[in-house]
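A look at the structure
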Amino acid sequence: MVMVGLPIVENLIAGLLMGSFYALMAVGLTLIFGVMRIVNFAHGELYMLGGYLLYYLATLFGLNNFVALPIVIGIMFVVGVVIERTLLRPIIVEKLGDEYSIIITFGLSLFLVNFAIAFFGPEYKSPPPYVQAYRVQLGPISISGDRLLVASIAIIILVFAYLIISKTKIGLAMRAAAQNREGAMLCGIDIYKVNMFTMGLASALAGAAGALLSTIMLLYPQAGLIPAIKSYVIIALGGMGSLIGAVVGSAALGIVESLGTVLLSAAYRDAYSFLVLILVLLLRPQGLFGVRVREV
Amino acid sequence: MFKISLSQRNAPMLLAILFLLVLPLVVRQEYWIYVMTIGLYYAILASTWNVMAGFLGRVSFAHAAFAAIGAYASALSVLHLGIPPAVGMLIGMAAGTVFSLFIGYLSLRLRGVYFTLSTLAFAEIFRIVVTVEYEYTRGSLGLETPKLIEGVLSYMPYYYVALAILLGTLFSTYVILNSAFGLKIKAVGNSEEAAEALGINSAKVKVIMFMFTSAITSLAGAFYGHLIGLVSPEVGAFDQLALVIAMAVVGGLGSLPGPVIGALLLEVISEYLREFGIFRLLIFAGLIIVTLRFFRRGIYGTLKQVIFGG
Amino acid sequence: MKAVLEVHSVTKSFGGLIAVNNFSMEVREREIVGLIGPNGAGKTTLLNLVTGFLKPDKGRIVFMGEEITGLPPHKICIKGVARTFQLIKPFPKLSILDAIAVGALVRVRSKVEAYKRAHEVIEFLGLKNPHRLCESLNVVEEKLVELGRALATNPKLLLIDEIAAGLRPSEVEDIKRVIRVIRDEYNVSIVVVEHVMPLVMGVSDRIVVMSSGSKVTEGKPEEVASNPKVISIYLGERRGRMLGVKS
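Residues numbered from 1 in each chain as written. Chains lettered and ligands numbered in written order. Predicted model: local features only at pLDDT ≥ 70, side-chain atom pairs only at ≥ 80, totals over all residues.

Here we come to the overall build of chain B. When helices and strands are counted, chain B shows 14 helices and two strands. Computed over the C-alpha atoms, the radius of gyration of chain B is 19 Å, within 12% of the 19 Å expected from 2.2 N^0.38 for a compact globule of 310 residues. Along the first, second and third principal axes, the C-alpha set of chain B runs to 50 × 45 × 45 Å. Expressed as a percentage of its 310 residues, the buried residues of chain B come to 57%. (Helix = DSSP H or I, 4+ residues; strand = E, 2+ residues; numbered from the N terminus. Rg over C-alpha atoms; globule rule 2.2 N^0.38 Å. Buried ≥ 20, exposed ≤ 12 C-beta atoms within 10 Å, placed from the backbone.)

What follows is the structure, given as structure tokens:
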């Protein structure tokens, strides 16, 4: 029994670790959806850019990963602000519908992927790791120590983000705007500033995820597509606009994937998230924590 | 029932149809006839994508996947059941329709973005299944299929089949949009809540149109498979989807001629940009962004505004 | 006189907030009922519940003797309930004619028939140049189109949600007249949710007062207007007590 149970427990933990990275992406997406009411289809590319930024900072400037990471976060924050200002502002100003944000972020995604192919090259790149690979023994269970470290950094970043959202003035403004945009504007909240900050924060989180995960997984121009798709599933599962849902959903998905590859079929690993999405739509469209989703 | 008058309004359209009809007879190079046939294929895809996105405000990321479903369904039934490719195309159409009913029914009752996410999930599942179920689909290598028309060396017949499908699509879309049901479609596209309050079952309208467009898309995909003679995951790939969206957006969302113009134009440009390989999609992506941001109505819409005003 | 609409003990809450609290009311044939109350009283939520945009947590809604609780909006419209929206929802890219014809499509099948009915409504409301797009209209015309669309569905019950917001006094008078004529010509019961007192007081047969999700009182406009409890709701509890109102 122990022999069978061991890989399952180890996979469970591995799944949870992956979940922490998914959470960085999902929380960012949730912020964007909650405050700005749009789904950012270029989110995966923000992840990818974070990875490439780390790579070039480490290889071209010889910076240590731990030094480069905050720089990546800072740059990605600015990138997010710029994107909001140039491409997404018209949504409020001209009262545009869903299609605009979906298509334009899709176009941005396409642009960034091909930009990376053209200027960074299509081949896989390997940023240097944060620490050398080692294993940690917890009794009979053995887990990857470097993954544990990187996941811990992810969690620390998440905690920072949580503090920003719950303790700062701008965080309060974000929460107000998420609950009732018109009401928040009537209270004098500068919705333009809130949107830019939200996008910047989300972009920083995604970039951080990329800067962390790319040292464990492969870095290539399309590397962001799969994490992004999983993030969409997570926010649908957790209930779009719910931060708790994003975190719980991330952990859940990480575990489902891990167990799925062990218990069912490894070849279909990436498909499990989609099956989860279909199930969510069928049974509980508002997700685990969300509110009503019917159009009318 | 339909007065086709040679009035000022109809003239450009009739001229365009005439132009497309005689094109292969004038340009006799097989290479360009082939390119234009591909262009017509994309025009069909862009037009159907535009019905959902431009008129109903629902963006589908499964469009290329439906073309692929049509292609695979047709190829597999031709190879294993021995039926002629033309019949296979109808089977491909049926397969696409069934899947669209399933996805549409699930996701079109919900907020707009859920539909888009569902189509994304569906497209990805389909792609994974095709790659993994190697035995049936030969994965990335692709499935060799018989050509649509046996014993013909020229691409001209294919051109005219594609043109026929395109004109059929445009004509039926035009008829639908101008009917009473079409008024309901436009109402739903303008304001779903107001439409519901006026007695329109918006979910039904959306599902019906999604099935209509998916049927045509999978038919076109099946045609494409029998045109090239090979069905591979390439047909349903992300790049194809991106191309179709670029064509519809640049040509003009929410108009009938727009996507056709966009498709033919971008296909021709695409051929010229072939040497620049990696920059091709970069340019198209830039076009999507710039057009949507600054020229929302696309080429057709902007030209119409400039020429006719308002 | 038969009841066209019966709202039986309807309750609706959002998270912890109770928006409509055990609310009951009825609307009779050819009656114009005004629904008033301070902001956040739950009036629009009630409209959304009646028209199917929201499902009540508890209670029943009966229209023309038929249970309509929980039905989707389009089915309720087909049964004969029409509404306008507080934040108007126009069809920007449709012409006035097309927009109103959409409403007519509930009752007729062909476009020709729909256009005929739409023209009747357009003439009735005095809208000019019906081929203009809805996005190019001024505020009054927008609201008239919103009304026209609802009228075209040939309703037995019309719910008008704060139509007078942002209108000048002369325009309010016009709307008052229009509502009265609608009741007479279309033989329809009307619920007028309103903040603008001159409109709702001047046009209603009966007033229902709502506050914090509950019914406070109802009666003829004069009775309600001089009811101290109603006054204190609008002025605030403290001022009400100063006026000698017992809470």
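Right, let's get into the overall build of chain C. Summing up its helical and strand segments, chain C has ten helices and ten strands in all. By the compact-globule yardstick of 18 Å for 247 residues, chain C fits well, its C-alpha radius of gyration being 18 Å. Here the C-alpha coordinates of chain C stretch approximately 60 × 40 × 35 Å along the principal axes. Here chain C holds 247 residues, and the buried ones make up 45% of them.

Residue and element names in this part refer to chain C. Pairing is antiparallel in the open sheet, where four strands are placed in the order S2-S1-S4-S5. What marks the edges here is a single partner per strand, and that holds for strand S2 (17-28) and strand S5 (66-67). Contacting strand S1 (3-14), S2 and strand S4 (58-63), helix H1 (residues 43-50) crosses the sheet at an angle of about 65 degrees to S2. (Pairing = 2+ DSSP bridges. Contact = placed C-beta atoms within 7 Å. Axes fitted to C-alpha atoms, helices over the stretch in contact; angles between N-to-C directions.)

All names here are of chain C. With respect to topology, six strands assemble into an open sheet ordered S6-S7-S8-S3-S9-S10, the strand pairing being mixed. Among the strands making up the open sheet, the edge pair consists of strand S6 (81-83) and strand S10 (214-219). This sheet shows a mean twist of 20 degrees between the axes of neighbouring strands, independent of strand direction. Relative to the sheet, helix H6 (residues 169-186) contacts strand S3 (32-36) and strand S8 (189-193), its axis offset from that of S8 by approximately 160 degrees.

It is worth spelling out helix H5 (residues 112-132) of chain B at this point. Along an α-helix, residues three or four apart share an orientation, since each turn contains 3.6 residues. The end-to-end C-alpha distance of H5(B), which contains 21 residues, comes to 31 Å, matching closely the 30 Å that a straight helix rising 1.5 Å per residue would cover. Within H5(B), 16 of the 21 residues are buried, which leaves the element mostly enclosed by the surrounding structure. (Expected span 1.5 Å × (residues − 1).)

Moving on, we get to the packing of helix H2 (residues 30-55) of chain B against helix H7 (residues 156-177) of chain B. Residue and element names in this part refer to chain B. Between H2 and H7, whose axes approach to 9 Å, the crossing angle comes to 20 degrees. Compared by their axis directions, H2 and H7 come out roughly parallel. Judged by the sense of rotation from one axis to the other, the crossing of H2 with H7 is left-handed. Contact residues: Ile 33, Met 36, Thr 37, Leu 40, Tyr 41, Ala 43, Ile 44, Ser 47, Thr 48 and Val 51 in H2; Met 156, Tyr 158, Tyr 159, Ala 162, Leu 163, Ile 165, Leu 166, Thr 169, Leu 170 and Thr 173 in H7. Partitioned by chemical class, the residues of the contact of H2 with H7 number 15 nonpolar, five polar and no charged. (Parallel < 35°, antiparallel > 145°, perpendicular 65-115°, else oblique. Left-handed = near helix turned anticlockwise from the far one by under 90°. Nonpolar A, V, L, I, M, F, W, Y, C, P; charged D, E, K, R; others polar.)

Our next topic: the packing of helix H4 (residues 111-125) of chain C against helix H5 (residues 139-152) of chain C. All names here are of chain C. Orientation of H4 relative to H5, taken along the N-to-C sense of each, is 135 degrees, at an axis distance of 10 Å. Regarding the angle of H4 to H5, the classification is oblique. Taken as a pair, H4 and H5 cross one another with a handedness that is right-handed. The residues of H5 that touch H4, namely those facing Arg 117, Ala 118, Val 121, Ile 122 and Leu 125, are Leu 144, Leu 147, Gly 148, Leu 151 and Ala 152. Counted by class, the contact of H4 with H5 contains eight nonpolar, one polar and one charged residues.

With 36 residues of chain B in contact, the opposing surface of chain A contributes 35 residues. Those elements that place two or more of their residues in the side of chain B that touches chain A are helix H4 (85-107), H5, helix H9 (192-197), helix H11 (238-252) and helix H13 (278-294) of chain B. Top element by residues in the side of chain B that touches chain A is H5(B). It accounts for twelve residues. Residue classes in the side of chain B that touches chain A are distributed as 23 nonpolar, six polar and seven charged.

In this section: the confidence of the model for chain C. For chain C, the mean per-residue pLDDT works out to 89, and 94% of the residues sit at or above 70. With pTM at 0.89, the complex prediction returns an ipTM value of 0.90. (pLDDT = per-residue confidence, 0-100.)

Let us now look at the environment of His226(B). Residue and element names in this part refer to chain B. Within the secondary structure, His 226 is located in helix H10 (residues 202-228). In the structure, His 226 is positioned 82 residues away from Glu 144 in sequence and 9.1 Å away in space, judged by C-alpha atoms. Apart from residues no more than four positions distant in its own chain, His 226 is found in contact with Ser 74, Pro 85, Thr 145, Pro 146, Lys 147 and Leu 148.

All names here are of chain C. Where burial is concerned, most of S8 is hidden: five out of the five residues are buried. Burial along S8 is two-sided: Ser 189, Val 191 and Val 193 and Ile 190 and Val 192, pointing in opposite directions, are all buried. In the sheet, S3 pairs with S8 via four bridges, with the strands oriented parallel. In the strand pairing of S8, Ile 32 is matched with Ile 190. In the classification by handedness, the crossover that spans strand S7 (residues 157-161), the intervening H6 and the parallel S8 is right-handed. (Right-handed = clockwise from strand over helix to strand, strands pointing away.)

Right, let's talk about unusual backbone geometry for a bit. Residue Met64(C) is not a glycine yet carries a positive backbone phi of 50 degrees. A residue is classified by how many C-beta atoms lie within 10 Å of it, and Met64(C), with 16 of them, is partly exposed.

Let us now look at the environment of Leu35(C). Residue and element names in this part refer to chain C. Counting through the fold element by element, Leu 35 comes out in strand S3. Taking the C-alpha atoms as reference points, Leu 35 and Val 191, separated by 156 residues in sequence, lie 6.9 Å from one another. For Leu 35, the residues in contact, after removing those within four places along its chain, are Lys 43, Val 191, Val 192, Val 193, Val 208 and Met 210.

Another point: the environment of Gly148(C). All names here are of chain C. Locating Gly 148 in the fold gives a position in helix H5. Taking the C-alpha atoms as reference, Gly 148 lies 17 Å from Ala 165; in sequence the two are 17 residues apart. Non-local contacts of Gly 148, meaning those with residues more than four positions away in its chain, are made with Ile 100, Val 121, Ile 122, Leu 125 and Leu 127.

Turning next to H7(B). Residue and element names in this part refer to chain B. Given a rise of 1.5 Å per residue, 22 residues ought to cover 32 Å, and the 31 Å separating the end C-alpha atoms of H7 matches this to within 8%. By the burial criterion, the buried members of H7 are Tyr 158, Tyr 159, Ala 162, Leu 163, Leu 166, Thr 169 and Thr 173. In an axial view of H7, the angular spread of the buried residues amounts to 135 degrees, which keeps them on one side of the axis. Exposed side chains of H7 directed beyond 90 degrees from the buried face belong to Ala 164, Phe 171 and Ser 172. (Arc of directions from axis to C-beta.)

Residue and element names in this part refer to chain C. Most of strand S9 (residues 206-211) sits inside the fold, with five of its six residues counted as buried. Across four bridges, the pairing between S3 and S9 is parallel. What sits directly across from Ile 36, in S9, is Val 209. The sheet contact formed by S9 and S10 spans five bridges and is antiparallel. Looking at the pairing, Ile 207 lines up with Gly 219 of S10. Between S9 and S10, which follow one another and run antiparallel, lie two residues, and Ser 212 among them has a positive phi close to 50 degrees.

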